[in-house]
Amino acid sequence: MSQEQSNKPKIADPIKEGLARGWKVFGTELDGAFRAPPAQLDCDVLIVGSGAGAGITAELLTKAGLKIIIVEEGPLRSSSDFRQLEAEAYGQLYQEAGGRKNTEQTMPILQGRCVGGSTTVNWAGAFRTPASTLEVWASKYGLSDMTPAALGPWFEQVERRLNIGEWMGEPNANNDVLRRGALKIGAEPVKMHRNVKGCWNLGSCGLGCPTNAKQSMLVTTIPAALDLGATLLVQTRAQRYELQGDRVAALICQPIHLNGDANGAPLRITAKHFVLAGGAINSPALLMRSGAPDPHKLLGKRTFLHPTLVSSAVMPEAVQGWAGAPMSVFSDHFLHQHPVDGPVGFKLETAPVHPAFAMTNLGGFGAELGPRVKAYPHTHVGIALLRDGFHAESPGGTVSLKSDGSAALAYTLSDYLLEGARRAHLSMAELQFAAGAKTVRPGHEQAADYGSWEAAKAAIARLDYKPFLTVVGSAHVMGGCSLAAEASRGVVQPDGRHWQLKNLSVHDGSLFPTSIGANPQVTVYTLAARLATGLAQSLSGKAVQLA
Ligand SMILES: Cc1cc2nc3c(=O)[nH]c(=O)nc-3n(C[C@H](O)[C@H](O)[C@H](O)COP(=O)(O)OP(=O)(O)OC[C@H]3O[C@@H](n4cnc5c(N)ncnc54)[C@H](O)[C@@H]3O)c2cc1C
């Protein structure tokens, strides 16, 4: 080994260290070996998923001394595997290899599929649930004890556990464009909170953090639960629950290869209680495959996406938007211009500018991409997240099952949402020119590179705002197993238990009755912390706390 190599600082790998300590992990291809899970298992609580809701739940339940099994469809990967390469990350860590779309094919949908779920690949922006959203949940869904004050201590626990705080570094150049432009147009820019500890500012949150700085479930709650004796089955798909009357008797699981093909015989796991945390889209699908009761036809309905618009700008200075914390500045100015149930509001942020992401998600194709590649180091990418689910013309999408039993999501880009898309493009273009952009190109197939705010304004007014022409995507999936105070309005009770199945709880983003108008991870953590604390108390008699 050269002197230079031996001096290289080593990054601890909490997963490899945990496995060496004897964690009970099955179904993994670690070290090239397939460790088949036992054909039958039994536990106190069986958790499906290992993402935001599942991780928090697993830690709290194991703290209460309960015997837990976690079943995760995706692979176990860790910092030693994360090499900041899109080609590896999308295929290994994302649902449908990063290619998930709504059934209309108008929107790519990013979701994680690996240990840690979407938290392993998310961009680390951390927001409490907006008060205006909680007001709607109270008035329309009877969730009157979910006020900002009542949730305050739960937010605080989550923030302590996951090291959430204001981003203390300078914004990277990509976020600084947003900061400067927002200031100039009077759309107050705000520093973001992030869940990171000792961040190296590499910019690869979305590809798996190679330094374990992002406080995802992969490096926090899942290791904590495994240290407390939990069992983790990876590359194991929860296929269906066996129902007996108003109870779940068992879960049938299928070990799978990375590509989703079966890998060995199915297994049956029994438990006293079952927690479903497979994320919005997949959680309702598992209940559908199981024939779960749905007397009010609400299962898989009202699935929200924060439809997200993009606008790219070529700046005079180098931006290198692939480097540095991908999100550290935001503006909620355009979220609050209308009442929450009026014309759709939107939140402004930035996206990391990795090459494949930038070439596929900014609109255009073929020869048009040549100049974009040339301008790549100078490219700023702004995004606008539409707050869907608050207006009658924004009812969200519907989950159904494909012929092979996997999940599909129908989600229509309505005229109501597309009107918001036009306003979002206008605001982002104005902001980008105010920050000094040489050219701006809204994410729209009829758009071109515009050289001035006046030219962009006139052109955006003429664009046809229609599905396929308007570039829209999403990394925020919410709803489908909605919480409500009455069975006729939701799938799940306010304590997280299914209205019809007595020993089944849902603890993930599918619980949201609407989108939230902010990046959702903290809301998932907080709901899961509150619900799992109650569940731990009722199952074990013990009071536990996350942090
Ligand atoms: C690229 C990206 C960037 C994001 N950036 C941010 C951000 O900056 N800030 C923020 O607040 N939010 C962000 N999010 C969203 C946030 O991470 C999610 O809202 C949150 O993780 C959802 O939590 P969840 O528990 O509902 O599901 P997930 O965290 O997605 O976890 C669900 C898990 O269940 C597993 N699963 C599903 N079905 C089955 C099954 N049948 N059997 C076994 N396992 C199953 C999945 O593989 C997955 O691992 C981002 C998401 C993505 C994809």
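For clarity, every value in this text was computed on a predicted model and none was experimentally measured.

A. Structural context of the packing of aromatic side chains. All told, the structure shown has seven aromatic pairs when counted by the stated rule. Their ring planes at 80° and their centres at 6.1 Å tell us that tryptophan 123 and phenylalanine 357 sit as a pair that is edge-to-face. Here phenylalanine 357 lies in helix H11 (residues 355–361) and tryptophan 123 lies in the loop between helix H5 (118–121) and strand E4 (125–126), a separation of 234 residues in the sequence. Residue classification places tryptophan 123 among the buried residues on the basis of a relative accessible area of 16%. Aromatic side chains tryptophan 322 and tyrosine 376 sit 5.0 Å apart centroid to centroid with 25° between the ring planes, which places their arrangement in the stacked category. In this pair, tryptophan 322 sits in the loop between strand E13 (308–314) and strand E14 (329–330) while tyrosine 376 sits in the loop between helix H12 (369–375) and strand E16 (379–386), placing the two residues 54 residues apart along the sequence. Tryptophan 322 gets classed as partly exposed once you look at its relative accessible area, which sits at 28%.

B. Inspection of the confidence of the model for the protein chain at higher detail. The predicted model of the protein chain averages 96 in pLDDT, with 98% of residues at 70 or higher. Mean pLDDT across the secondary structure elements of the protein chain bottoms out at helix H1 (residues 3–7), with 55, and peaks at helix H3 (residues 52–63), with 99.

C. Local environment of the layout of surface pockets. Roughly 210 Å³ of internal volume is contained in the second largest pocket. If you list the elements that add at least two residues to the lining of the second largest pocket, you get E13, H12 and strand E19 (439–442).

D. The arrangement of the side chain of arginine 423 in detail. Within the element layout of this structure, arginine 423 appears in helix H13 (residues 415–434). When its relative accessible area of 18% is taken as the criterion, arginine 423 is described as buried. In this structure the side chain of arginine 423 is engaged in a polar contact, spanning 2.8 Å, whose partner is the side chain of glutamate 419. Those residues in contact with arginine 423, other than ones at most four positions away along the chain, are His338, Pro343, Val344 and Phe346.

E. Molecular detail of unusual backbone geometry. Phi at asparagine 163 takes a positive value of approximately 55°, unusual for a residue other than glycine. Mapped onto the fold, asparagine 163 is located in the loop between helix H7 (148–161) and strand E5 (164–166). Accessibility expressed as a relative area gives 34% for asparagine 163, which makes it partly exposed. For isoleucine 281, which is not a glycine, the phi torsion comes out positive at approximately 85°. Tracing the chain through its elements places isoleucine 281 in the loop between strand E11 (267–276) and helix H10 (282–289). Residue class for isoleucine 281 comes out buried when judged on its relative accessible area of 2%.

About the cut-offs
Residues numbered from 1 in each chain as written. Predicted model: local features only at pLDDT ≥ 70, side-chain atom pairs only at ≥ 80, totals over all residues. Heavy atoms only, no water. Phe/Tyr/Trp six-rings, centres within 6.5 Å; stacked < 30°, edge-to-face > 60°. Helix = DSSP H or I, 4+ residues; strand = E, 2+ residues; numbered from the N terminus. Buried < 20%, exposed > 50% of the residue type's maximum accessible area, 1.4 Å probe, protein only. pLDDT = per-residue confidence, 0-100. 1 Å grid on protein atoms, 1.4 Å probe; cavity = no way out; pocket = protein on both sides within 12 Å on 5 of 7 lines; lining within 4 Å. Points joined across faces, edges and corners; volume = space filled by probe spheres on them. Polar contact = N/O pair within 3.5 Å; in protein donor to acceptor, adjacent residues only side chain to side chain. Contact = heavy atoms within 4.5 Å.

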